[in-house]
Amino acid sequence: MSCDLSVNVDHVATLRQARGGVEPDPVAAAVLALDAGASGITIHLREDRRHVQDDDLTRMRALGRGDLNFEMALTEEMIGIALRIHPERATLVPERRAELTTEGGLDLRRHRDAVRRGAARLVEAGIPVSLFLDPEEEMVALAADTGATIVEIHTGAYSNAKGAASIEAELARIERAARGFRDAGLAPHAGHGLTTSNVGALLRRFPFTELSIGHHIVSRAVLAGMTAAVREMLAAIRAS
């Protein structure tokens, strides 16, 4: 089974916003990623517009290439934007103003009803919904009736784990959750903190059909270029 790669270009915009200019352009980076073999682009328009801007999203949609995965907080503003741009997928993520990056999955224990209502509006418009969730077995039952059809499992704890025992524990936790989501009819994807060094063990543990990877690819692209960085990641995925 093959595994698709969606490249998150948020941190290309982060670098641009450090100077407030026009370069580097995340849309140009997206084109290079797609040319290099990525199947899609992930982009997160945050409420505070700390990196990606509205015009970036509009121009990204205008490319008409690959699958656009729009990461979004569950707010009226973002739902309206999603309905306007109509991405191939909307991924609902938690958003905290003080965080450097998304630090965990959606808390369906507290917000399942709101997620269900928001997902219904998106699905009614023909936009598939994905939920960004921690690999907790409790999330399986909570996610099953939200209207989402995809779950992106948050792999941050695995990516940050040190030592063989901790890494094995996180892989086992991800595998249990992925199998649970799959059995509940939700397609398991994965992302957050993945690198060419740790992606192979993850895919050998569970055959994810799509990974969303951004920071490692953008970091590598600073030194080697976006084309080389994407091809290196695809090679690591295929080698697994």
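K.L.:
Help me understand the overall build of the chain in this model?
P.N.:
Looking only at helices and strands, one finds 11 helices and eight strands in the chain. The C-alpha radius of gyration of the chain comes to 17 Å, within 12% of the 18 Å expected for a compact globule of 240 residues. Sorting the 240 residues of the chain into buried and exposed places 51% on the buried side. When the accessible surface of the chain is summed, it comes to about 10,600 Å², and 51% of that surface belongs to carbon and sulfur atoms. Computing the positive centroid from 28 side-chain charges and the negative centroid from 33, the chain places the two 2 Å apart.

K.L.:
Just to check I follow, could you spell out the packing of helix 2 (residues 26-35) against helix 11 (residues 226-239) for this structure?
P.N.:
Between two packed helices, both the angle of their axes relative to each other and the distance between the axes serve to describe the pair. With their axes 8 Å apart at the nearest point, helix 2 and helix 11 run at an angle of 45° to one another. As summarised for this structure, helix 2 and helix 11 are arranged oblique, according to the angle between their axes. Relative to helix 11, the crossing made by helix 2 is right-handed. On the side of helix 2, the interface is formed by Ala29, Leu32 and Ala33, while helix 11 contributes Met226, Thr227 and Val230. In the contact of helix 2 with helix 11, the residues fall into five nonpolar, one polar and no charged.

K.L.:
Please clarify how the pairing of strand 7 (residues 187-191) should be interpreted in this entry.
P.N.:
For a regular strand, the rule is simple: side chains alternate between the two faces of the sheet. With four of its five residues buried, strand 7 lies for the most part within the structure. By the bridge criterion, five bridges tie strand 6 (residues 150-154) to strand 7 in an arrangement that is parallel. Bridge pairing in strand 7 links Ile153 to Ala190. Bridging between strand 7 and strand 8 (residues 210-213) involves two bridges; their strand directions are parallel.

K.L.:
Hey, could you run me through unusual backbone geometry in this one?
P.N.:
Trans is the prevailing form of peptide bonds, just as negative phi is the prevailing case for residues other than glycine. Omega for the peptide link from Glu23 to Pro24 comes to 0°, which places this bond in the cis form. Tracing the chain through its elements places Pro24 in the loop between helix 1 (10-17) and helix 2. Phi angles above zero are rare outside glycine, and His86 is one such case at about 50°. In this model, His192 sits at a positive phi of 115°, which is unusual for a non-glycine residue. By the element assignment, His192 lies in the loop between strand 7 and helix 9 (199-205).

K.L.:
Looking at this structure, how should I read the nonpolar core?
P.N.:
In globular proteins that are soluble, nonpolar side chains generally tend to be buried together. Of all hydrophobic cores here, the largest spans 71 residues; its most connected members are Leu131, Phe181, Phe208, Leu211 and Val230. With seven residues, the top contributor of residues to this core is helix 11. Those residues in contact with Phe208, other than ones at most four positions away along the chain, are Ser2, Cys3, Ile153, Ile174, Ala178, Pro188, His189, Ala190, Leu202 and Leu203.

K.L.:
Hey, could you run me through the pairing of strand 5 (residues 129-133) in this one?
P.N.:
Counting buried positions over the five residues of strand 5 gives five, a clear majority of the element. Where burial is concerned, the two faces of strand 5 agree: the one with Val129, Leu131 and Leu133 and the one with Ser130 and Phe132 are both buried. Note that strand 4 (residues 89-92) and strand 5 share three bridges and pair parallel. In the strand pairing of strand 5, Ala90 is matched with Val129.

K.L.:
How do you make sense of the sheet that holds strand 6 when you look at a structure like this?
P.N.:
The pairing of strands in a sheet comes from backbone hydrogen bonds and takes either a parallel or an antiparallel form. Taken together, eight strands build a closed barrel; the order of strands is 1-2-3-4-5-6-7-8 and the barrel is parallel. Taken pair by pair, the neighbouring strands of this sheet meet at an average axis angle of 25°, ignoring direction.

K.L.:
Looking at this structure, how should I read helix 4 (residues 76-85)?
P.N.:
Given 3.6 residues per turn, any residue in an α-helix points the same way as the ones three and four places further on. Along helix 4, the residues classified as buried are Met78, Ile79, Ile81, Ala82 and Ile85. For helix 4, the angular spread of the buried residues around the axis is 160°, confining them to a single face. Looking at helix 4, the residues exposed on the side facing more than 90 degrees away from the buried face are Glu76 and Arg84. On its buried face, helix 4 sits against helix 3 (54-63), strand 3 (67-72) and helix 5 (108-124). One or two residues past the end of helix 4 sits His86, with phi positive at roughly 50°.

Analysis parameters
Residues numbered from 1 in each chain as written. Predicted model: local features only at pLDDT ≥ 70, side-chain atom pairs only at ≥ 80, totals over all residues. Heavy atoms only, no water. Helix = DSSP H or I, 4+ residues; strand = E, 2+ residues; numbered from the N terminus. Rg over C-alpha atoms; globule rule 2.2 N^0.38 Å. Buried < 20%, exposed > 50% of the residue type's maximum accessible area, 1.4 Å probe, protein only. Areas by Shrake-Rupley, 256 points an atom, 1.4 Å probe, with all protein chains shown as cover. Lys, Arg positive; Asp, Glu negative; His and termini not counted. Charge placed at Lys NZ, Arg CZ, Asp CG, Glu CD. Axes fitted to C-alpha atoms, helices over the stretch in contact; angles between N-to-C directions. Parallel < 35°, antiparallel > 145°, perpendicular 65-115°, else oblique. Left-handed = near helix turned anticlockwise from the far one by under 90°. Contact = heavy atoms within 4.5 Å. Nonpolar A, V, L, I, M, F, W, Y, C, P; charged D, E, K, R; others polar. Pairing = 2+ DSSP bridges. Core = buried A, V, L, I, M, F, W, Y, C linked by side-chain atoms within 4.5 Å. Arc of directions from axis to C-beta.

The values are spatial; any link to function lies outside them.
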